[in-house]
Structure formats: C-alpha cells, structure tokens
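# Structural description and commentary
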Amino acid sequence: MKAVRRKEHLVYLLTLLVLAGGALLWSRDLDTDPPMHFSGTGQSLSTDPGQYVYHARNKVLFGEADPFDYPRWMVYRRSLTSAVASVWFSLVGVSSERARLVGLLMSLTGLIFFLLAVARLHRPWVTLAVALCYVLCVSLFVYGRLSYLENGLILYTGLLFFVFAYWSERFWGWIACGVLVAMATLTGKLFGALLMPAVVLALYFTAERRRWTAAAAGIAAYVIAAVLLIFALYGTDFAAVYSYFGEQTYGLRGMPEGLTSPWSFIEHLISYGFGNRLFFLDLDLLVFLLWGGFLLTLVLAGKDKLRGLSPVTVLSIFVIACIILGLMPLNYSPLRYALFLIPAIIVFCFTITDQLLKGDRGVPTRAGYLVFVPLFLILWNALFQLIGIIFFMNNIPTRELTWATLPAALAIIYAVRWLIGKGRIPVTRRVLTAGIAVIVVFSVGLNVYRMEKRVWFHRTHNLAEAGDDIRKILGDGAVVSGPYAPALTLNNNLMTFIHLFGVAEVDSTLLDRIPVTHLAVDESNWAEAESNYPQLQGLLPVTVYWIRDYAVRIYNISKVFDNPQANSYRETAYERAADYYNRKVYDSATALIDAAVREQPDARSTRLLLAELLRGHRQYDQAVRLLVELAERYSTDYYTSLSCGRAIQMIALAKQDRGLLNLAEKYYAQAVKHNPFQAESARQMFIQTMRQAGAGSPPSGP
C-alpha cells in the first residue's frame, strides 16, 4: 500500500512540474505577436483582446472606466476578464504583456480546477495526462495567453467541473452549478449558456433517484441567478446590452444556416471544426474524440451504460455534445468560440480510458446500432476533416464532401461493430494501456512540432513596435479609435475609444459626439468606414504599420467631423509633415521634418519619412545610412524591411550601384523571412519598381 501511495505521490509531483513548466512556457515572450495566419486571415488575435481590458485600462490610467459614457460595450466592462484585469492592472500597471497575463491567469487557473475535478474521481495518471496535453495544446497556448472573454469561460468551465466532481450529489451543489453557468453566460461569454443543458443532462444521468429534483434545482438556480445578475450588472443599461446581444446572435450574421433545413444541420454538424481550423491546428483533439468515442461505445453497450461512469466523464460528454450542437449551426463560429470545448475533450478521453482500465467491460455480441451512433458521428466528422485537410484546405465543397464520406463512415462503423461483437478486437487492459500511451506520445510530439513551426518560428513584435511609435508621432489630446486602437494603446497613455465598422446599424452621428481624432484601420475596415461615413473619403494615412497579416493605416480625422474637442486637436510636426508629403508639397514637408525629428528623434515613422525626403533631395548617402539603421533595428517588421529595401533599390537604380541593389535585395529577403505569406507581394513590388525605374519614372514614395 505504501509503495502504491509513493507512486501516486510521484505522479502528482510530476503533474505539478508540468504545471510549473507550462506556466513558464506560457509566460515566455509575451510581447511577441500571435502567429500569422493562425486561424485563417482574420485579425481577431490582434484586435479583440485589447477591447476586453479597455475599461480596466481606462480606470487605472484615467480614473474612469468609461470616460466617453458609451454603454454599448458594457458587456465587456462587466466581464470576468475585465474584473481580473482591473485588479491586476491596479497592482502592476498597464501594458500589453500584463494584459496578456490576464488571459494566462484565467486559462491556467481553469486548468487547475479541471485537474482538481479529475483527481477527485480518477487515478493520478489521468491528472498528469490532462495537464500535459492541455499546456501543449497549440490553440490553447495561442489564445489562452490573450485577454479574451473566452478564457474567462474556460475558468468558469473548470470551476463547473470542480463543483460537479465534489458535490453533484448534494442539493447545494446543484444550485452552485446553475449559478456558475449563469455567471459564465453573463460575465464570461453569451454562449456559456450552452453549459446549462449539459449540466441538466449530466445531473439526470448521475443523480439517479433524485434526477428530476437535481435537474429542476439546477435550472431554477440558473434562471434566478441570471435575472439577479442582469439587474446587478446592467441595471438601467440593459437596453444597450440587449441590443449588443441581439446583434451578436442574429442581427449581424442573420439566421444560422445550420438551422435552415435538416440537410444543412447535418452538413454543419459533420463539417464542424474545419472552417475554424480547430482540428487542423489540433489534430490530436480529433484522435482524442475517436478514441473516447470508441470507448464510449463499449460503455453504452454494457449493462450500466452512463450510470457506471464518473460524474466528471458524464459531464464532459454532454459539454462536448452541447457546445458542438450549439456552435456548429452558426454562420460565424471562429476558433476562439471553441476554446472551452478543448479541455472537455481532453478530460473525456483520459477519464473514460481510466474507467475502462479499472474493470472489464465487454460488448455484447448483439449490441444495437444505437450505441454506435456517437462513434459513427465522430468517425464521419473525422473522415470529412482528414480528406478536407489533405485535398482541399481552402474552398472545400462542404455539401459534396459531407455526403461523399457518408458511405465510408457507414462501412467502417459496420465493420467495427462486427469485429468488436465477434471478439476480433480484444479490448483488454494491455490494449487500452498501449492505445492511450500511443495517443499521449502522438499528442505531445505533434504539439511540440507545431508549437515550433506555427508559434515560435516567425516571431515578430509588430504590435509593441507600432504602439511605441504611435505614442511618439501623435500629440496630446489624441483619441485613437478603430479595430486596432485598443491594442495599439496598451503600451502607452493615449486615449482610445472602441468602435468597429461593419455593424448591423450604423450610428451616423457617433463621430460628431465622440472626440475621436485618429482611426487605426486596415484596408477592408477603411472601405467600411468610408461607406458608413462618406466624409472620410479621400483621406490619406499619416503612417502605416504592418500588424501580423495586414497593413494598418493611421488616419487623422480630427477636423473631419463636428466635434469641438476633436477639432481643437493640435497636430504634431510629424503629422503636418506627413500631410504635406501626402499632398506632394515636398518643400513644406522638408521644412517641417527637422522639427519632427527634434520632437521625437527615435520615432520609426518620422525617420522613414526623413529617409524618403532625403532620397527625394538626392542626399543618397545620408538616406542609405538611415535606411540601413532602420532595417536593422526593426528587422522582424515586414513593412519597415520592405520600405527600406524599396527605397534603397530606387537609390541603387538612380546611382546605377550594384552593391546597393544587392543591399536592397537583402532587405526584401529579410521582409519575406519574417512574413513568408507576403512573399509574392514583395516579389511583385521589386519587379514593378525595377520596371518603373527602367522606364525613367521612378515612384516618388514608399
């Protein structure tokens, strides 16, 4: 007995070491940008996290959480993420790294609660396996280190598993579950409500004699807690909150396509996890589901069915089912929505394996087909995912592939039923142990490889560098808005205002009421902005940054709208020089650039403009020295490397200097090295510049 306990203590010690190592890994290089093209070409990883700590930042820096008294974003202010950020920022100050620690603290605290839940009902090896696969999960690593609302949802889900593991047989435990789900819904993320049917079903199958009482108590607690929370959190501001919820659920995206017909429902169900790249980025999750689904089939075919499983396993099964069924019909369901699904999949795989390792569970020879339905659906989805990844990746024919994989899924599930029923697949402890060992090795190996390839290989610091630069080139009284504004102001004390373009209902007078002086937008958002506010048409940016996947332009709009505070904003010398340069009044730009350099001699945008003006005045040696210095200092910045390479290329062509042309090619290569997704654009720019210069009309600016 003592030897057994020593082994258990050793495994728990290893689990603690994994947690400590995971915390160190997750806290490494927090100022690094999220990886490019991680879940498609969306910019959520760059834009959204800053919005969720917006109110906490305002409170610490300016003394007011909502200095512009704009209730639309009250949901963000009342979130768990904002609450944690408020406490954290008040203790350590505001910065992008500290904001990311908010997400890290919530997601790793959620893991601790998952582990405590698992340790209550399962053997120590399960906690070790869950911890290892969690901290190495690539999607959790990337999103879990950012201040997303979804990381608050992970924490709530971990708490729910903890309460369910310890007190699912007690009345107050049922009440606590309902209250937790209400808090997850209203201070986590709206689709935290999907946890409620999972709790009800789990209580029904685990409470046995008191199942109806347990389910009713959980529902009643959820409803009462939700009503009380609505009044406590929002009070008279609930109308704005209701409008936001309505827009996010149906107003902006329309009726979920997956609910328009039975066929669309099936197609969305079977294809779920492909559009958001969940299983492409974390293929081991698909393996976990397949293995867990196979073992669940064995359980369902036995006498005890779900009643023989631990409450944690039962809850994980229904959490997985309810989250997928709730998210899969949506027209817009990005990877971050599925974050709280991932821990449930990991827990399900390892806890159900532990259940079967504890005792022999045979499958009757004549097991009905219904017990194979969960495995069949998982298998069908897996075939869709694998074929889609291998042969299509982009522009997948969803409808055709869904139904094309159906016969194969049916054939495989029939063969599995026949083989298991005839005893041709022996499900012994040795087979189970070998199977789960292979799965763990596969998961760890795959994730370490993908972590290195997808996360660490192309490390850039675009957001931090842009945030430092924008502080230097904008003046006192600037109020920056647009999708990128909250992220670009985390490392400085500039005022910011959350505003997104492309909303369901455009507030045409918003920029007359709010003193916004600058917009930080990419090309697609600028097109939306011009459509929503025609006054913006024709404006040129004062500077450009490259943020991960897109060029982000900063526009001065302080004199465009009828807001006295914004109209009184005084442009810096750099902004005035950039404006003259944009209007091709080069003499005036040159006259102002010295003042701009004196104001902020270290600003990247100022020095790029200075280099361009030096080139225009044929002061080539000075221009090249400055461009080389910039390219070396901002070596991981695609835009700076490309701008410097192009300017040196133009000087080389003007001087007919092969050495300078080689130097230009070096900086083009440097740009592509850190952003290989833009290699073709860089190549075309180089060729076009060569052609224009060869035609005797070299371009005048970057």
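Residues numbered from 1 in each chain as written. Predicted model: local features only at pLDDT ≥ 70, side-chain atom pairs only at ≥ 80, totals over all residues. Heavy atoms only, no water.

## Things to note about a nonpolar patch on the surface
Together, L10, L13, L14, L16 and L17 make up an exposed nonpolar region whose accessible area comes to about 480 Å². Position of L10 among the secondary structure elements: in helix α1 (residues 2-26). A residue is classified by how much of its surface remains accessible, and L10, at 48% relative accessible area, is partly exposed. (Patch = residues over 30% accessible without salt bridge, like charges linked within 9 Å, V, L, I, M, F, W, Y side chains within 5 Å. Areas by Shrake-Rupley, 256 points an atom, 1.4 Å probe, with all protein chains shown as cover. Salt bridge = Lys/Arg side-chain N within 4 Å of Asp/Glu carboxyl O. Helix = DSSP H or I, 4+ residues; strand = E, 2+ residues; numbered from the N terminus. Buried < 20%, exposed > 50% of the residue type's maximum accessible area, 1.4 Å probe, protein only.)

## A closer look at the environment of D33
If you trace the backbone, D33 turns up in the loop between α1 and α2 (44-52). Residue D33 is classed as buried on the basis of its relative accessible area, which comes to 5%. On a C-alpha basis, the gap between D33 and I439 in space is 31 Å, while along the polypeptide they are 406 residues apart. Ignoring anything within four residues of it in the chain, the contact list for D33 reads R100, T460, H461, N462, L463 and R548. (Contact = heavy atoms within 4.5 Å.)

## Side note on the packing of aromatic side chains
Across all of its chains, the model carries 35 aromatic pairs by this definition. Ring centres 5.3 Å apart and planes at 20° place the aromatic pair W73 and Y76 in the stacked group. Considered together, W73 and Y76 belong to a single accessibility category, that of buried residues. With a centroid separation of 4.8 Å and 45° between ring planes, the pair formed by F162 and Y166 is classed as tilted. On the criterion of helical spacing, the pair formed by F162 and Y166 is a turn pair, its members being four residues apart in helix α9 (residues 149-167). Among the aromatic side chains, those forming a connected cluster through ring pairs are F38, Y52, W73, Y76, Y143 and Y148. (Phe/Tyr/Trp six-rings, centres within 6.5 Å; stacked < 30°, edge-to-face > 60°.)

## With respect to the sheet that holds strand β5 (residues 550-556)
Here five strands make up an open sheet; going across it, the order is β2-β1-β3-β5-β4 and the pairing mixed. If you trace the sheet from one side to the other, it starts and ends with β2 (495-497) and β4 (543-547), each paired once. Each strand of the sheet is rotated relative to its neighbour by a mean of 25°, with strand direction disregarded. Taken together, the five bridges between strand β3 (residues 518-522) and β5 define a ladder with antiparallel strand orientation. Residue pairing across strands places D522 opposite V552, the latter belonging to β5. (Pairing = 2+ DSSP bridges. Axes fitted to C-alpha atoms, helices over the stretch in contact; angles between N-to-C directions.)

## Observations regarding the pairing of β5
Burial within β5 is extensive, with five of its seven residues counted as buried. Across five bridges, the pairing between β4 and β5 is antiparallel. Paired with Y545 across the two strands is V552, which belongs to β5. Here β4 hands over to β5 after two residues, with R548 in that stretch at a positive phi of 55°.

## Description of the pattern of salt bridges
Tallied over the entire structure, the rule returns 24 salt bridges. Across the pair R336 and E150 runs a salt bridge, and its minimum N-O distance is 3.8 Å. On the criterion of sequence distance, the pair formed by R336 in the loop between α17 (311-327) and α18 (341-358) and E150 in helix α9 is long-range, its members being 186 residues apart. This pair shows no difference in class: R336 is buried, exactly as E150 is. Close ionic contact of K666 with E632 constitutes a salt bridge, the shortest N to O distance being 3.4 Å. Separated by 34 residues along the polypeptide, K666 in helix α33 (residues 658-674) and E632 in helix α31 (residues 620-633) bring together distant segments of the chain. On the basis of relative accessibility, which here comes to 43%, the residue K666 falls in the partly exposed class. A relative accessible area of 38% means that E632 is categorised as partly exposed. The network of salt bridges with common partners includes D468, R471, K472, D602, R607, E629 and R633.

## Some thoughts on unusual backbone geometry
The backbone of H37 shows a phi angle near 50°, a positive value even though the residue is not glycine. Position of H37 among the secondary structure elements: in the loop between α1 and α2. Even without a glycine there, the phi angle at K584 is positive, about 65°. Take K584: it is sitting in the loop between α28 (573-582) and α29 (586-599). Judged by its relative accessible area of 59%, K584 is exposed.

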